[in-house]
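A closer look at the structure
Residue strings, one per chain:
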Amino acid sequence: MLKFATIGLEEIECVLCMGSLICQYVHIVFATKGRMPLLTYDLLKPIFESIKTIVSEMGLSVVAINGVSDHVHILIRMDQNHLLSDVVRDIKRSTSALVRRNTEFPFKWQRHYAAFSVSANAVPCVIRYIHNQQQHHNEIDSLGELSHIANLAGEEVPFDLLE
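This report concerns the structure included in the present document. Keep in mind it's a predicted model, so treat the numbers as computed, not measured.

Quick notes on the rules
Residues numbered from 1 in each chain as written. Predicted model: local features only at pLDDT ≥ 70, side-chain atom pairs only at ≥ 80, totals over all residues. Heavy atoms only, no water. Helix = DSSP H or I, 4+ residues; strand = E, 2+ residues; numbered from the N terminus. Buried < 20%, exposed > 50% of the residue type's maximum accessible area, 1.4 Å probe, protein only. Axes fitted to C-alpha atoms, helices over the stretch in contact; angles between N-to-C directions. Left-handed = near helix turned anticlockwise from the far one by under 90°. Contact = heavy atoms within 4.5 Å. Nonpolar A, V, L, I, M, F, W, Y, C, P; charged D, E, K, R; others polar. Pairing = 2+ DSSP bridges. Polar contact = N/O pair within 3.5 Å; in protein donor to acceptor, adjacent residues only side chain to side chain. Core = buried A, V, L, I, M, F, W, Y, C linked by side-chain atoms within 4.5 Å. Salt bridge = Lys/Arg side-chain N within 4 Å of Asp/Glu carboxyl O.

1. Description of the environment of Y25
Relative to the elements of secondary structure, Y25 occurs in strand β4 (residues 24-31). Classification of Y25 as buried rests on a relative accessible area of 4%. On a C-alpha basis, the gap between Y25 and R77 in space is 4.5 Å, while along the polypeptide they are 52 residues apart.

Okay, structure coming up:
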């Protein structure tokens, strides 16, 4: 791990691997099936711990994580050895099993997810955004939030993410 830069109070980490410098951050958002508000604080805490463990075991880093009753936000520092789709698949598979073991309802995540690349200088802003999820959702619902993030990236939300 190479400390690349300090922006404000946040250190930006990059991976130096076989002569390549990788500094890739991805903001991932995924929701419960049908956007059902099933994620209580008592469920979110072990879900977050599980996600941190899964990501760490892959050799990646969770930079920020938070969520509300129907979706989760994760900022991950990626490397060149992992496909984002595999990372998200493994996170969702493991945490679905965790929730099903600890509750009586047949929990599932939505099949799709959103992912946005984050430049190094935007990392502190995204961290604050993720940490302030509860405050954001006092003002906007999850679909409005997703539309806003997609618009910032110059995209529209695909219909599949609205399920």
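2. Describing the packing of helix α1 (residues 41-57) against helix α2 (residues 84-102)
Where α1 contacts α2, the axes come no closer than 10 Å and their chain directions differ by 140°. Regarding α1 and α2, the two cross each other, and that crossing is right-handed. Between α1 and α2, the contacting residues are L43, P46, I47, S50, I51, I54 and V55 on the first element and D90, I91, S94, T95, L98 and V99 on the second. Split into classes, the residues belonging to the contact of α1 with α2 amount to 9 nonpolar, 3 polar and 1 charged.

3. Quick word on the sheet that holds β4
One open sheet accounts for 4 strands, arranged β5-β6-β4-β7; its pairing is antiparallel. Edge strands, defined here as strands with exactly one partner in the open sheet, are β5 (61-68) and β7 (114-118). If you compare each strand with its neighbour and ignore which way they point, the axes differ by 15° on average. Sheet analysis places β4 next to β7, joined by 5 bridges and oriented antiparallel. Paired with I28 across the two strands is A115, which belongs to β7. Where α1 meets the sheet, it contacts β5 and β6 (71-78), and its direction lies at approximately 160° from that of β5.

4. Quick notes on the environment of H73
As for its placement among the helices and strands, H73 is situated in strand β6. Among the residues examined, H73 registers a relative accessible area of 0% and is labelled buried. Along the chain, H73 and Q133 lie 60 residues apart, while their C-alpha atoms are 8.5 Å from each other. A polar contact is formed between the side chain of H73 and the side chain of H27, at a distance of 2.8 Å. Reaching out from H73, the side chain makes a polar contact with the side chain of Q133 at a distance of 2.9 Å.

5. Remarks on the nonpolar core
Side chains that are nonpolar tend, in soluble globular proteins, to be buried together. Core analysis: the largest hydrophobic core is formed by 25 residues, its most contacted members being I47, I51, V72, I74, I76 and I91. Among the secondary structure elements, those contributing two or more residues to this core are β4, α1, β6 and α2. Residues in contact with I91, not counting those within four places in the same chain, are F30, I51, I54, V55, I74 and I76.

6. Some remarks on the pattern of salt bridges
What the rule picks out here adds up to 3 salt bridges. E49 serves as the salt-bridge partner of K52, at 3.6 Å between the closest nitrogen and oxygen. Of this pair, K52 and E49 both sit in helix α1, separated by 3 residues, roughly a single helical turn. You can call K52 partly exposed: its relative accessible area is 36%.

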